[in-house]
Amino acid sequence: NSAPSQARFNDAGQHHETGAPIECSGFGNLDEQGTRKVDFLFRGPDRLDRSTYGLRDVLRASYSDENLSLTLGDKLYALSPLSELLTYARGAEAILHPGPAEIGSYYTETRWNAPQEREIGAFAGYRFGTAFKLRANFLNKRQDDSPTRAGSGDDIYTLQARINPGSLLNLGLEYAHSSPVTGDESSSFAHRITLDGRALNRVWYTFENTYAAPDFPGYYRNVLYSNGTISAELH
């Protein structure tokens, strides 16, 4: 088997400046069973600065099968809600997921942030049947020097648990602790609780509580937030 691919040429410009970015993309299966998949997108050069209709350059290639996922290039990388919920960056990621266990790591560098930020993330988790899942995460975040401030770096450790015995209860827990790599700043922490479920097939509920200390360096910072809803079907 082979991955179908296509090529596209665009022209975008303004004020007598034009550009012709080239795009090549494809996806598909490498075997008849459909267990080995590839996906790639190559586009360049960057033409966003020449026209509002221009496109950013993208370099991305991925491979996945039943036990392994590999990605190189530009995409949204994520680790956990408290450490890194989502960041668009250029990097590399590898995830092993044999059976109920999973382990993975990634390295990223932001593309358009100034100063540039770098992240190294790693995680290991295990699923105990269908009702309980446990996962530990580690994130190292570093920011380069800027004209107005020195660079910084932090290590963030989080522990996640998911309890889901049935439709009545779906409980998510995460606790995070951070410590600076350099400097004399003190450590800080954060936590997040999510709860949702369905009762009698007519009542749905959701609840969320998130706290992050003022100097917590993760995705949330200086946050104390609670929210809940209950809805019912009447007929």
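Residues numbered from 1 in each chain as written. Predicted model: local features only at pLDDT ≥ 70, side-chain atom pairs only at ≥ 80, totals over all residues. Heavy atoms only, no water.

1. Observations regarding unusual backbone geometry
Most of the time, phi is negative for any residue but glycine, and the peptide bond is trans.
Part 1: For N201, which is not glycine, the phi dihedral falls at a positive 60 degrees.
Part 2: The exposure class of N201 is exposed, given its relative accessible area of 53%.
Part 3: In this structure, N222 is a non-glycine residue whose phi angle is positive, near 55 degrees.
Part 4: Along the chain, N222 falls in the loop between β15 (203-212) and β16 (223-232). (Buried < 20%, exposed > 50% of the residue type's maximum accessible area, 1.4 Å probe, protein only. Helix = DSSP H or I, 4+ residues; strand = E, 2+ residues; numbered from the N terminus.)

2. Side note on the pattern of salt bridges
Part 1: For the coordinates displayed, the defined rule picks out 11 salt bridges.
Part 2: Salt-bridge contacts for K75 lead to E93; the nearest nitrogen and oxygen are separated by 2.7 Å. Within this pair, whereas K75 is found in strand β7 (residues 68-77), its partner E93 is found in strand β8 (residues 87-96), the two being separated by 18 residues in sequence.
Part 3: Exposure remark for E93: the relative accessible area of 12% places this residue in the buried category.
Part 4: Its salt-bridge partner being R118, residue D144 comes within 2.5 Å of it at the nearest N-O pair. On the criterion of sequence distance, the pair formed by D144 in the loop between β11 (132-143) and β12 (152-166) and R118 in strand β10 (residues 117-128) is long-range, its members being 26 residues apart.
Part 5: A relative accessible area of 26% means that D144 is categorised as partly exposed. (Salt bridge = Lys/Arg side-chain N within 4 Å of Asp/Glu carboxyl O.)

3. Observations regarding the packing of aromatic side chains
Part 1: Per the counting criterion, the structure on display carries nine aromatic pairs.
Part 2: The ring of Y77 carries the charged tip of K75 above its face, separated from the ring centre by 5.0 Å.
Part 3: The residue whose ring lies beneath R135 is F123, and the NZ or CZ to ring-centre distance is 3.8 Å. (Phe/Tyr/Trp six-rings, centres within 6.5 Å; stacked < 30°, edge-to-face > 60°. Lys NZ or Arg CZ within 6 Å of the ring centre and 35° of its normal.)

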